[in-house]
Amino acid sequence: MKEVENMERIIFTKDKYDMNWLREDCEYAKTECPKELACEVHSQRDGDILKTSVIFTNTGCRPVFTSLDSIGIYMPLNDRYEGSEICIKERCHTHIFCGGDISYIMALRMGGEAPHLGMVLTEGSLGGYSIKRDFAKMSNDRGLFILHPSPAEIQPGESLKLAWTIFPHEGKADFYRKLAAFPGMVLVSADRYVCFPEETVRITVRPSFDASAVLVNGMPAAKTEDGFIYDYHADACGEQILNIEADQVKTYCRLLVQENLQKLAGKRCRFIAGKQQYNGDSPMLRGSFLAYDNEEKHVYYSDTNDYNGGRERVGMGLLMARYLQRHEDAQLRASLDFYTEFVLRELVDAGSGEVYNDVGRDGSYERLYNMPWYATLFTELYQLDGKREHLLYAYRILMKYYSKGGHTFYAIELPVLAISRALRAAGMEEELLKLTEMFKKHADYITEIGTAYPPSEVNYEQSIVAPAANILLQVHILTGDEVYRKAGESQLKVLELFNGLAPDFHLYETAIRHWDGYWFGKRKLYGDTFPHYWSGLTGNVYALYSRITGSGEYKKKAMDSVKGVFPLLFPDGSASCACLFPHSVNGIRADFYDPYANDQDWGLYFLLRLEAELGYRFEDSQF
């Protein structure tokens, strides 16, 4: 191994793009620590293998007790969005698991072409990570990653050492194969990370060494040919941390036990009807579903886009319309009717199909995202009540959307199949034919563009790639054209890279998003949101692909991804728009659920829709 100083570039020898995995605006392995600790950083390189050690020595005369944020080690990987043409070749998705003794980073080039970067901790323990970012860059830079050693007690003259190895890999499967070969490695997996009361979750622990015993929360796991097995029986709802110890190696697995889907949806709908529907003195807002402050216990409105009376708040109406298709509830039906009156009065021109950005038919800000959402709402209302006019409104909205150039826009949740099925059932063949042509034109454009994605509200993001895949696969199902299927599969491969596989319900099959807490939350804090409900868009694509191919693998991936939105919903019917996952962001404490219930009900809507339309039984232990 050759000693390396002032590490500025990590470029793998077989990378035809010569991608530098390090950012240029921060020193690799830069450290921050208490003044009582002296720090040494050493890096050695042998070809594509880089080994780094960081040693903190107590030079004082008293012990130093560290907390999680006492020590920070910078890992400046190139995870930022500067347009798809750069991202696809020269930027990465960084999946971080700080699991104590078992900690690692799986970094994936955004376009999916190997080599990718892996990092595994070989000595020491990591308890979490923080983010430092330039807020002026808003949503287009995930920031600098700061790794935090687990809390420790360092006596005078003693040292705390952390060491890791960086290596190239070919993708997710190859990363975990290589990870499993490291000495002292203990890989943990579960057959699901979100479960329901009375379910049993199987935990598998695979040490890379001949472990004498494995304990899960102090209880012995059974040794098998495939590793050690522990069956966790879920009883009470809530987060469950399973502490795992293989001989002296310690890590964890984190599960969520959630309320039964239909029961939870009922509680959530009643919470919306009782606490988030406006019936005050403003005639414009009357009937609307608004954001709710769980701290101060009141609804909140602002004409600022992401807190207004339109836009993503329609997710509450969608949830209620879908729930009522299965459950009769006079109170909820009255609430939904009140909301529908509001939408037709303030947000949608039923005659022209125009959709406005806010109450008062305010179209001063034109946003194409809004139009498919309200078309979806009226399609769901048609499914609920059979009123032909509701289906006609949905059709007009989509035709208006396409008249505005919608075929070049990467619309989130375009209801291709839902409205086509409804139009056919209603005998509206002429409308179906016209709309099908629009859908095909849209799919043709996305096929031609490929991965040269146009920027949207963020330069490059999961909710650009997911709509591309979603629209293509829906149009394939609608038309049977294999061109759209093949194009959709290409998009799917890129989409999957946003999702990690760490043994934590926050991280497993949860797409990287890192700005939603700022735009939709009360705390207005940028940073990784694990989860945010739009992460479920990936699960919807997995579900479509499973439907097309019959793949059990993608059905399970769909279940895991969409169930990943469950943490944003609470058993009493309250909710949060985003979970800020890092320990801190720019020194501001994170690791919290934002107090605003705002737009997260799309996620619960996805769950109900998958259960009804694709027969996904979320309480079925087979998945």
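Residues numbered from 1 in each chain as written. Predicted model: local features only at pLDDT ≥ 70, side-chain atom pairs only at ≥ 80, totals over all residues. Heavy atoms only, no water.

1. Some thoughts on the packing of aromatic side chains
Here's step 1: For the structure on display, the rule yields 43 aromatic pairs.
Here's step 2: With 5.8 Å between their ring centres and 35° between their planes, tryptophan 373 and tryptophan 534 make a pair best called tilted. Taken together, the residues tryptophan 373 in helix H6 (residues 370–385) and tryptophan 534 in the loop between helix H12 (516–520) and helix H13 (536–549) connect sequence positions 161 residues apart.
Here's step 3: Consider the rings of tyrosine 605 and phenylalanine 606, whose centres lie 6.2 Å apart with planes at 50°: the pair is tilted. Residues tyrosine 605 and phenylalanine 606 agree in their burial class; the two are buried.
Here's step 4: Three or more aromatic residues joined by ring pairs make a cluster, and in this case those are Tyr369, Trp373, Phe409, Tyr533, Trp534, Trp602, Tyr605 and Phe606.
Here's step 5: Directly above the ring of tyrosine 518 sits lysine 524, whose terminal nitrogen or CZ lies 4.3 Å from the centroid. (Phe/Tyr/Trp six-rings, centres within 6.5 Å; stacked < 30°, edge-to-face > 60°. Helix = DSSP H or I, 4+ residues; strand = E, 2+ residues; numbered from the N terminus. Buried < 20%, exposed > 50% of the residue type's maximum accessible area, 1.4 Å probe, protein only. Lys NZ or Arg CZ within 6 Å of the ring centre and 35° of its normal.)

2. Some points on the sheet that holds strand E14 (residues 186–190)
Here's step 1: Pairing is antiparallel across the open sheet formed by 4 strands, whose spatial order is E14-E16-E20-E19. Two strands in the sheet have a free side with no partner beyond their single neighbour: E14 and strand E19 (222–224). Strand-to-strand twist in this sheet, taken as the mean axis angle between neighbours without regard to direction, amounts to 25°. (Pairing = 2+ DSSP bridges. Axes fitted to C-alpha atoms, helices over the stretch in contact; angles between N-to-C directions.)

3. A short note on the packing of helix H7 (residues 388–403) against helix H9 (residues 429–449)
Here's step 1: Taken N-terminus to C-terminus, the directions of H7 and H9 make an angle of 35°; their axes are 11 Å apart at the nearest point. For the pair H7 and H9, the sense of crossing is left-handed. Where H7 approaches H9, its residues Tyr395, Leu398, Met399, Tyr401 and Tyr402 are matched on the opposing element by Glu431, Lys434, Leu435, Met438, Phe439 and His442.
Here's step 2: Here the residues of the contact of H7 with H9 sort into 8 nonpolar, 1 polar and 2 charged. (Left-handed = near helix turned anticlockwise from the far one by under 90°. Contact = heavy atoms within 4.5 Å. Nonpolar A, V, L, I, M, F, W, Y, C, P; charged D, E, K, R; others polar.)

4. Some points on the packing of helix H8 (residues 416–425) against H9
Here's step 1: In contact at an axis separation of 8 Å, H8 and H9 are set at 160° when each is read in the N-to-C sense. Judged on the interaxial angle alone, H9 and H8 are roughly antiparallel. The two elements H8 and H9 cross, and the hand of that crossing is left-handed. Side by side, H8 and H9 meet where Val416, Ile419, Ser420, Leu423 and Arg424 of the first sit next to Glu429, Glu431, Leu432, Leu435 and Phe439 of the second.
Here's step 2: Split by residue class, the contact of H8 with H9 holds 6 nonpolar, 1 polar and 3 charged. (Parallel < 35°, antiparallel > 145°, perpendicular 65-115°, else oblique.)

5. Description of the sheet that holds strand E4 (residues 49–58)
Here's step 1: In space, the 7 strands of this open sheet follow the order E1-E3-E4-E13-E9-E8-E7, with antiparallel pairing throughout. Every interior strand has two partners, whereas the edge strands, strand E1 (2–4) and strand E7 (92–99), have only one. Each strand of the sheet is rotated relative to its neighbour by a mean of 20°, with strand direction disregarded.
Here's step 2: Inspection of the sheet shows strand E8 (residues 102–109) paired to strand E9 (residues 116–123) by 4 bridges, in the antiparallel sense. Considered in E9, the bridge of alanine 107 is made with leucine 117.
Here's step 3: With respect to the sheet, helix H2 (residues 172–180) is in contact with E8, E9 and strand E13 (159–169), its orientation differing from that of E8 by roughly 150°.

6. Comments concerning empty space enclosed by the protein
Any empty space left between the atoms is revealed when a probe the size of a water molecule rolls over them.
Here's step 1: A complete count under the given rule lists 3 cavities of 30 Å³ or more for this structure.
Here's step 2: As a volume, the largest cavity reaches approximately 140 Å³.
Here's step 3: Lining the largest cavity we find 16 residues, and of these His95, Ile96, Gly500, Ala502 and Leu507 sit closest to its centre.
Here's step 4: Approximately 60 Å³ is the volume found for the second largest cavity. (1 Å grid on protein atoms, 1.4 Å probe; cavity = no way out; pocket = protein on both sides within 12 Å on 5 of 7 lines; lining within 4 Å. Points joined across faces, edges and corners; volume = space filled by probe spheres on them.)

7. Some remarks on the pairing of strand E20 (residues 227–233)
Here's step 1: For E20, the tally of buried residues reaches 5 of 7 residues, placing the bulk of the element in the interior.
Here's step 2: When strand E16 (residues 200–207) meets E20, the two strands line up antiparallel, connected through 6 bridges. Counted as the bridge partner of threonine 200 is histidine 233 from E20.
Here's step 3: Across 3 bridges, E19 lies against E20 in antiparallel orientation. When the bridges of E20 are listed, alanine 222 appears paired with isoleucine 229.
Here's step 4: Hairpin remark: E19 followed by E20, antiparallel, with 2 residues in the connecting loop.

8. Thoughts on helix H15 (residues 601–613)
Here's step 1: In this model, H15 (13 residues) spans 18 Å end to end at C-alpha, consistent with the 18 Å of a helix rising 1.5 Å per residue.
Here's step 2: Within H15, 11 of the 13 residues are buried, which leaves it mostly tucked inside the rest of the structure.
Here's step 3: By the burial criterion, the buried members of H15 are Asp601, Trp602, Gly603, Leu604, Tyr605, Phe606, Leu607, Leu608, Arg609, Leu610 and Glu611.
Here's step 4: In the core, the buried residues of H15 are packed alongside helix H3 (261–276), helix H4 (314–324), H6, H13 and helix H14 (552–563).
Here's step 5: The positive-phi residue at the C-terminal boundary of H15 is glycine 615, with phi of around 70°. (Expected span 1.5 Å × (residues − 1).)

9. Side note on the nonpolar core
Here's step 1: Ranked by internal contacts, the top residues of the largest apolar core, which has 214 residues, are Leu77, Ile203, Tyr374, Phe439 and Tyr460.
Here's step 2: For this core, the element with the highest residue contribution is helix H10 (residues 462–479), accounting for 10 residues.
Here's step 3: Other than its neighbours up to four places away in sequence, tyrosine 374 contacts Gly310, Arg311, Val314, Tyr339, Val343, Leu347, Val348, Val355 and Ile397. (Core = buried A, V, L, I, M, F, W, Y, C linked by side-chain atoms within 4.5 Å.)

10. Side note on the pattern of salt bridges
Working definition: two side chains of opposite charge can pair if their charged atoms are close together.
Here's step 1: Taken as a whole and assessed by the stated rule, the structure comprises 51 salt bridges.
Here's step 2: The closest approach of N and O atoms between glutamate 123 and lysine 161, which form a salt bridge, is 3.6 Å. Highlighted residues: glutamate 123 in strand E9 and lysine 161 in strand E13, separated in sequence by 38 residues.
Here's step 3: Judged by relative accessible area, which is 32%, lysine 161 ranks as partly exposed.
Here's step 4: Look at the salt bridges and you will find they share partners, linking Asp293, Glu295, Glu296, Lys522 and Arg523 into a network. (Salt bridge = Lys/Arg side-chain N within 4 Å of Asp/Glu carboxyl O.)

11. Observations concerning the environment of methionine 284
Here's step 1: Relative to the helices and strands, methionine 284 is located in the loop between H3 and strand E23 (291–293).
Here's step 2: Along the primary structure methionine 284 and phenylalanine 342 are separated by 58 residues, whereas in three dimensions their C-alpha atoms are 8.0 Å apart.
Here's step 3: Discounting residues that sit within four places of it in the chain, methionine 284 has contacts with Phe342, Arg345, Glu346, Val359 and Gly360.

12. A short note on the layout of surface pockets
Here's step 1: Reported here for the largest pocket is a volume of approximately 750 Å³.
Here's step 2: If you trace the largest pocket, you find 28 residues lining it, with Lys172, Ala173, Tyr176, Leu501 and Tyr508 closest to the centre.
Here's step 3: Among the elements of the structure, H2, E14, helix H11 (482–496) and H14 are those that each provide at least two residues to the lining of the largest pocket.
Here's step 4: A breakdown of the residues in the lining of the largest pocket according to their chemical character gives 15 nonpolar, 2 polar and 11 charged.
Here's step 5: Roughly 540 Å³ of internal volume is contained in the second largest pocket.
Here's step 6: Residue assignment for the lining of the second largest pocket shows that the elements contributing at least two residues are E7, strand E10 (126–132), strand E21 (238–246) and strand E22 (249–257).
Here's step 7: Across the lining of the second largest pocket, the residue classes tally to 11 nonpolar, 9 polar and 5 charged.

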